[in-house]
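Observations on the model geometry
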Amino acid sequence: MHNKSIAELSAALQSKDISSVELTQHFIERIKKYDNDLNSFITQTPDLALEAAKVADASIANGSAGALTGIPLAQKDIFCTNGVRTSCGSKMLDNFTAPYDATVVSNLNAAGMPMLGKLNMDEFAMGSSNENSFYGAVKNPWDTDRVPGGSSGGSAACVAARLAPVATGTDTGGSIRQPASMCGITGIKPTYGRVSRFGIVSYASSLDQAGVFGRSAEDCAMLLEPMAGFDEKDSTCIDKPVPNYAANLNDSLQGLKIGLPKEYFSNGIDGNIEKLIDEAIAEYKKLGAEVIEISLPNSHLSIPAYYVIAPAECSSNLSRYDGVRYGYRCEDPKDLTDMYMRSRGEAFGEEVLRRIMVGTYALSAGYYDAYYLQAQKIRRLISEDFTKAFEQVDVIMGPTAPTTAFKIGEKTDDPVTMYLSDIYTIAVNLAGLPGISVPVGMADKLPAGLQIIGNYFDEAKILNVAHQYQQNTDWHLQMPAAYQA
Ligand code: GLN
């Protein structure tokens, strides 16, 4: 049951071969059985899920159900959920229960999907390995000595081990695509503005975007559709109709122009991964695609630009956590300043503190021009590289991450090496483009992903391109042996 696609689950529910209560119970049992070890959930909500499943069964019975009604999911713990704790992976919000739902959450609730719980993540979505969570590291189901990637590591591990059919995530610099790649599943980050950010705990507001983890591109297409669309509560959300993403999945790729950026295939990439990417590209040629070498000349500047812009925005966003209205407050403060300083100092983890300091420095009067303004100029150059490339090609392809999943603890002492995990994903956020990661094989028993980048609002196109590959290969159907039963 847990290895079925969303479309198959939907059909089984509609034909009453299974009820939503039974399906939800099945996943609750799996979570009980496997998650003590994986640690992909921060908060489990089995009772709420079963209540929602009963409501779903009633609407299936009376004919008012939609395609997703009754299919359970799990939410990254960055989405505010009315009445259920939203910790964002931080001690700061360990005691925080939002009084409202994020728009993504209310959209998916309205679609009739029972929520199994809230998923582990790097604190405030800062990280590439899920080792920065206040609730402990998440393990990779393919090898539990290894990280699942980050920051949405809980979402990726949970779907890879089939503890939920689908899960949500957010991606500021790679946090959906990179963990999807390291856990052997499919993950899409839509165009900036496609999905409402209302009720998502802010990290870097000009980069944050919500998306989906699923087994396949088809599953992602089905979940993305109800999530996406205009929301007047988010002023950066675009008022543009949402296409039926599942409708174009079978379009032919004959004549598709694929751009391969030469910068993505130079030094730094693991040889085993390069070979898998080459094999995937060969598969696309068989499907009728044409391959064109392109250049993204400023891509080597994406990490330095991001690590000025993202910390700058986070230093401003995280100033709201002051111990006054909600979140952690230190014991017995001497005075107001002591309360601010100790509440923040005691509740934020090391990586979050590092970024607040870097960001505050980059925005300070004497350094704004030298760092922040320069980084913004580089950001413009990076997006112009993509605009030029999309004059020649329909999609851009390359590796999602430079390595497969690394060992827990391997990079924690070296933040700069850790930052390089997102070398292929960050430019896409700086430009605001959509990207998807698709599993394309195993290197030393660990999954690797192909990244497909689309032009603005071309989610339907990249889902179609990903789906066609998955119709002709079966990497997306593989799952870690220890979680099959
Ligand atoms: N790894 C990057 C960072 O640490 C990206 C994280 C993300 O996309 N949320 O900021």
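Use the structure listed above.
The sections below set out a description of the structure shown in this document. The structure presented is a predicted model; accordingly, all values stated were derived computationally and were not measured. (Residues numbered from 1 in each chain as written. Predicted model: local features only at pLDDT ≥ 70, side-chain atom pairs only at ≥ 80, totals over all residues. Heavy atoms only, no water.)

1. Some points on the side chain of S181
Put simply, the test is: Helix numbering and strand numbering both begin at the N terminus, where a helix is a DSSP run of H or I of at least 4 residues and a strand a DSSP run of E of at least 2. Only heavy atoms enter the contact rule, under which two residues are in contact if any of them lie within 4.5 Å.
Mapped onto the secondary structure, S181 falls in helix α6 (residues 177-183). Setting aside anything within four residues of it in sequence, one finds S181 in contact with T400, A401, S437, P447, A448 and G449.

2. A few points about the layout of surface pockets
Our working definition: Any residue with an atom within 4 Å of a point lines the site, the site being either a cavity, points on a 1 Å grid over the protein atoms alone where a 1.4 Å probe fits but cannot get out, or a pocket, an open set with protein on both sides within 12 Å along at least 5 of 7 lines. Grid points are joined across faces, edges and corners, and a volume is the space filled by probe spheres set on the points. Under the scheme applied, nonpolar residues are Ala, Val, Leu, Ile, Met, Phe, Trp, Tyr, Cys and Pro; charged residues are Asp, Glu, Lys and Arg; polar residues are all the others, including Gly.
Considered as a void within the structure, the largest pocket measures approximately 410 Å³ in volume. Among the residues forming the lining of the largest pocket, the class breakdown is 15 nonpolar, 8 polar and 1 charged. Lining the second largest pocket are 25 residues; nearest its centre among them are E131, N132, E350, E351 and R354. At the level of secondary structure, the elements contributing two or more residues to the lining of the second largest pocket comprise α10 (336-347), α11 (350-363) and α13 (415-419).

3. Some words on the site of the ligand
Cut-off, in case you're wondering: A cutoff of 4 Å decides nearness: a residue is near a molecule or strand if any of its heavy atoms lies inside that distance of it. Side-chain atoms alone can form a polar contact between residues adjacent in sequence; in general such a contact is a pair of N or O atoms within 3.5 Å, and within protein one must be able to donate a hydrogen while the other accepts it. To qualify as sitting in a cavity or pocket, a molecule needs more than half of its atoms within 2 Å of the grid points.
Close contacts around the ligand come from 15 residues, with G173, S175, Y203, Y306 and D422 the closest. At 2.6 Å, a side-chain N or O of S175 approaches an oxygen atom of the ligand. Taking Y203, its side chain carries an N or O atom lying 2.7 Å from an oxygen atom of the ligand. Of the pockets mapped on this structure, the ligand occupies the largest cavity. Of the residues in the shell around the ligand, the class split is 5 nonpolar, 7 polar and 3 charged.

4. Notes on empty space enclosed by the protein
If you walk through the whole model with that rule in mind, you get 4 cavities of 30 Å³ or more. As a volume, the largest cavity reaches approximately 80 Å³. Lining the largest cavity we find 13 residues, and of these A125, G127, S175, Y306 and D422 sit closest to its centre. Grouping the constituent residues of the lining of the largest cavity by class yields 5 nonpolar, 6 polar and 2 charged.

5. Points about the pairing of strand β4 (residues 166-170)
Put simply, the rule reads: Only protein chains enter the accessibility calculation, which uses a 1.4 Å probe. A residue is then buried if its area is under 20% of the maximum for its type, exposed if over 50%, and partly exposed in between.
Summarising burial for β4: 5 of the 5 residues are buried, a large majority. Burial along β4 is two-sided: the face carrying V166, T168 and T170 and the face carrying A167 and G169 are both buried.

6. A short note on the nonpolar core
Put simply, the test is: Joining through side-chain atoms within 4.5 Å is the link that ties buried Ala, Val, Leu, Ile, Met, Phe, Trp, Tyr and Cys residues into a set, and such a set is a nonpolar core.
In this structure, F124, Y284, F386, M397, I452 and L463 are the most contacted members of the largest nonpolar core, which totals 145 residues. The greatest single-element share of this core, amounting to 8 residues, is contributed by helix α9 (residues 302-317). Sequence-distant contacts of L463, that is, excluding residues within four places in its chain, are made with I188, A217, C220, A221, L224, Y245, L249 and I436. Judged by nonpolar contacts, the second largest core, of 6 residues, contains A401, A405, F406 and M418.

Taken by themselves, the reported measurements are silent on function.
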